[in-house]
Amino acid sequence: MRIAITASTGLIGSALAQDLERDGAEVRRLVRRPPAADGEIQWNPAAADGGLNGQSLDGLDAVVHLSGAPIARGRWTDARKRELRASRIGSTTALIAAMLAAASPPPVLLVASAIGWYGDSGDRELVESAPGGTGFLAELVRDWEAATQPATAAGIRVVNLRTGIVLSRRGGMLGQLLLPFRLGAGFRIGSGAQYVPWITLTDHVRACQFLLAEPELAGPVNLTGPAPVTNAALTAALGRQLHRPAVLRVPAIALRAGLGELSGELLASYRVLPARLQAAGFSFRHAQVGQALAAALQD
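On a predicted model such as this, the values are computed, not experimentally measured, just so you know.

1. Some remarks on the pattern of salt bridges
Next up, step 1: Per the counting criterion, the structure on display carries 13 salt bridges.
Next up, step 2: For the salt bridge of aspartate 143 with arginine 142, the shortest nitrogen-to-oxygen distance reads 3.1 Å.
Next up, step 3: Taking relative accessible area as the criterion, aspartate 143 reaches 22% and is therefore assigned partly exposed.
Next up, step 4: Assessed through its relative accessible area of 44%, arginine 142 is described here as partly exposed.
Next up, step 5: Close ionic contact of arginine 206 with aspartate 203 constitutes a salt bridge, the shortest N to O distance being 2.7 Å.

2. Overview of the environment of tryptophan 117
Next up, step 1: Looking at where tryptophan 117 falls in the secondary structure, it is placed in the loop between strand 5 (108-114) and strand 6 (125-126).
Next up, step 2: Placed 45 residues apart in sequence, tryptophan 117 and arginine 162 show a C-alpha to C-alpha distance of 7.9 Å.

3. A look at the side chain of serine 168
Next up, step 1: On the secondary structure map, serine 168 appears in the loop between strand 8 (165-167) and helix 5 (172-182).
Next up, step 2: Taking relative accessible area as the criterion, serine 168 reaches 0% and is therefore assigned buried.
Next up, step 3: Look past the residues within four positions of serine 168 in its chain and what remains in contact with it is Leu11, Leu174, Gly175, Leu201, Ala296 and Asp299.

4. Points about the packing of helix 2 (residues 78-101) against helix 3 (residues 136-146)
Next up, step 1: Packing of helix 2 against helix 3 brings their axes to within 9 Å, and their N-to-C directions diverge by 20°. Judged on the interaxial angle alone, helix 3 and helix 2 are roughly parallel. In this structure, the crossing between helix 2 and helix 3 has a hand that is right-handed. On helix 3, the residues touching Lys81, Leu84, Arg85, Arg88, Ile89 and Thr92 of helix 2 are Phe136, Glu139, Leu140, Asp143 and Trp144.
Next up, step 2: Partitioned by chemical class, the residues of the contact of helix 2 with helix 3 number 5 nonpolar, 1 polar and 5 charged.

5. What to know about the packing of helix 1 (residues 11-22) against helix 6 (residues 201-213)
Next up, step 1: The contact between helix 1 and helix 6 brings their axes to 10 Å, and the two run at 60°. One element, helix 1, and the other, helix 6, form an angle in the oblique class. Crossing geometry of helix 1 relative to helix 6 is assigned as right-handed. Contact residues: Leu11, Ile12, Ala15, Leu16, Asp19 and Leu20 in helix 1; Leu201, His204, Val205, Cys208, Gln209 and Leu212 in helix 6.
Next up, step 2: In the contact of helix 1 with helix 6, the residues fall into 9 nonpolar, 2 polar and 1 charged.

6. What about unusual backbone geometry?
Next up, step 1: Located in the positive-phi region is alanine 7, a residue other than glycine, with phi close to 55°.
Next up, step 2: When you line up the elements, alanine 7 lands in the loop between strand 1 (2-5) and helix 1.
Next up, step 3: Alanine 7 gets classed as partly exposed once you look at its relative accessible area, which sits at 27%.
Next up, step 4: One non-glycine residue with positive phi stands out, namely histidine 243, at about 55°.

7. Thoughts on the sheet that holds strand 2 (residues 26-31)
Next up, step 1: Strands sit in the order 3-2-1-4-5-7-12 across an open sheet of 7 strands; the sheet is parallel. Bordering the open sheet on either side are strand 3 (40-42) and strand 12 (219-223), each of which pairs with just one other strand. The mean angle between the axes of side-by-side strands here comes to 25°, regardless of whether they run parallel or antiparallel.
Next up, step 2: When strand 2 meets strand 3, the two strands line up parallel, connected through 3 bridges. Bridge assignment links valine 31 to a residue of strand 3, and that residue is glutamine 42.
Next up, step 3: Helix-sheet contacts for helix 2 involve strand 2, strand 4 (62-65) and strand 5, and the interaxial angle to strand 4 is about 170°.
Next up, step 4: Where helix 6 meets the sheet, it contacts strand 1, strand 4, strand 5, strand 7 (157-163) and strand 12, and its direction lies at approximately 165° from that of strand 7.

What counts and what doesn't
- Residues numbered from 1 in each chain as written.
- Predicted model: local features only at pLDDT ≥ 70, side-chain atom pairs only at ≥ 80, totals over all residues.
- Heavy atoms only, no water.
- Salt bridge = Lys/Arg side-chain N within 4 Å of Asp/Glu carboxyl O.
- Buried < 20%, exposed > 50% of the residue type's maximum accessible area, 1.4 Å probe, protein only.
- Helix = DSSP H or I, 4+ residues; strand = E, 2+ residues; numbered from the N terminus.
- Contact = heavy atoms within 4.5 Å.
- Axes fitted to C-alpha atoms, helices over the stretch in contact; angles between N-to-C directions.
- Parallel < 35°, antiparallel > 145°, perpendicular 65-115°, else oblique.
- Left-handed = near helix turned anticlockwise from the far one by under 90°.
- Nonpolar A, V, L, I, M, F, W, Y, C, P; charged D, E, K, R; others polar.
- Pairing = 2+ DSSP bridges.

Here you go:
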């Protein structure tokens with residue numbers, strides 16, 4: 001297979017590219033800087049056509065689009081919100097324009113999305129058919145997924161990867177938590193009762209490979225583990241894995257004071273289940289949070 005990947009130097013993209021190449025695929029890495037290695041293609045997601053010509057993506061078997069500015073990095077100012085939208089909706093629109101300009105467009109597009117689609121849902125179990133929520137993030141994800149409609153209309157099989165918290169010591173949420181937890185300053189957020197949908201990096205990459213090869217799956221697919229846990233349970237499990245206490249708490253009022261609107265997402269509850277993945281026959285390597293954290297700390 002010949003596959004192009006955006007954000008190929010990021011946590012998920014780099015792991016996926018390595019696994020695909022190990023399995024014999026030819027990977028084209030879309031990068032923003034001038035190409036420095038074979039297989040790299042420079043692109044500009046701010047341009048209407050992604051800075052790509054009709055030949056850049058011609059004849060590929062699939063494109064995996066993972067680009068997007070980090071959601072939880074700083075307050076959601078008006079400027080930050082514009083950046084978050086442009087990095088997702090703008091880049092998706094540009095990439096699809098480039099795909100459709102090819103003489104032989106890639107027939108498959110896996111594109112990042114987020115469990116933010118559902119909004120704060122308390123204890124309610126959420127599968128892909130659940131309606132969208134309200135608020136900035138839910139609206140962003142709705143528009144992000146809607147930006148893929150031109151590809152679907154052109155006959156491309158589009159899969160929207162509604163991803164939860166990806167567990168890996170290499171980065172993401174877990175990477176940021178390791179230092180304070182190892183220092184014995186492990187903490188839960190707010191009451192800790194909110195559900196956290198997690199998935200190991202290993203299973204996320206395996207799921208992407210599964211979806212690339214599964215011709216019947218299109219539309220939204222939850223990339224989360226089968227057993228979401230509360231923030232308090234996740235905190236306790238990480239403390240046990242590191243053999244450190246994890247009894248501190250960051251009060252909700254402190255989060256709201258420090259992070260403003262973003263704090264609502266950290267306090268929100270997402271009990272998301274991977275219904276479509278499991279119905280299609282995908283088997284998780286790490287199905288419980290304890291084994292998932294143990295694996296993530298070794299990956």
